[in-house]
Amino acid sequence: MYFTDRGIEELVERRGAEEVGMLWLAERLREFVDLNPEFETPVERLATWLARLDDDEED
């Protein structure tokens, strides 16, 4: 188990029943990076990965 799994599990436990849109998620990611600029690169990588998630299926 990765250390991040605990945070992901907490997210699912606390907010797993909610539905959110991509605009809401993008704003939360921007807000997080504004508060924690040292995480800019990992957040950018996550956002890029999410944006391109279905690209392989189109090939």
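Our subject is the structure listed above.
Residues numbered from 1 in each chain as written. Predicted model: local features only at pLDDT ≥ 70, side-chain atom pairs only at ≥ 80, totals over all residues. Heavy atoms only, no water.

Draft legend 1. Seen up close, the overall build of the protein chain. Within the protein chain, the regular secondary structure consists of four helices and zero strands. Taken from N to C terminus, the helices and strands of the protein chain fall in the order α-α-α-α. Taking 59 residues into account, the globule formula puts the C-alpha radius of gyration at 10 Å, and the protein chain, at 13 Å, lies well above it. A total of 59 residues make up the protein chain; the buried ones form 5% of that total. Within the structure as shown, the protein chain displays about 5900 Å² of accessible surface, and the carbon and sulfur contribution to it stands at 55%. (Helix = DSSP H or I, 4+ residues; strand = E, 2+ residues; numbered from the N terminus. Rg over C-alpha atoms; globule rule 2.2 N^0.38 Å. Buried < 20%, exposed > 50% of the residue type's maximum accessible area, 1.4 Å probe, protein only. Areas by Shrake-Rupley, 256 points an atom, 1.4 Å probe, with all protein chains shown as cover.)

Draft legend 2. View of the packing of aromatic side chains. Counting across every chain of the model gives one aromatic pair. Here F32 and F39 contribute two aromatic rings whose centre-to-centre distance is 5.6 Å and whose plane-to-plane angle is 45°, an arrangement assigned as tilted. Taking the relative accessible area as the measure of exposure, F32 reaches 36% and is therefore partly exposed. Using a relative accessible area of 37% as the deciding quantity, one classes F39 as partly exposed. (Phe/Tyr/Trp six-rings, centres within 6.5 Å; stacked < 30°, edge-to-face > 60°.)

Draft legend 3. A look at the pattern of salt bridges. Overall, the coordinates contain four salt bridges when judged by the stated rule. The salt bridge partner of R15 is E18, with a shortest N-O separation of 3.0 Å. Between R30 and E27 there is a salt bridge, and its shortest N-O distance comes to 2.8 Å. Pair noted here: R30 and E27 are both in helix α2 (residues 22-35), with a separation of three residues, about one helical turn. (Salt bridge = Lys/Arg side-chain N within 4 Å of Asp/Glu carboxyl O.)

Such coordinate-based values are descriptive only and should not be taken to indicate function.
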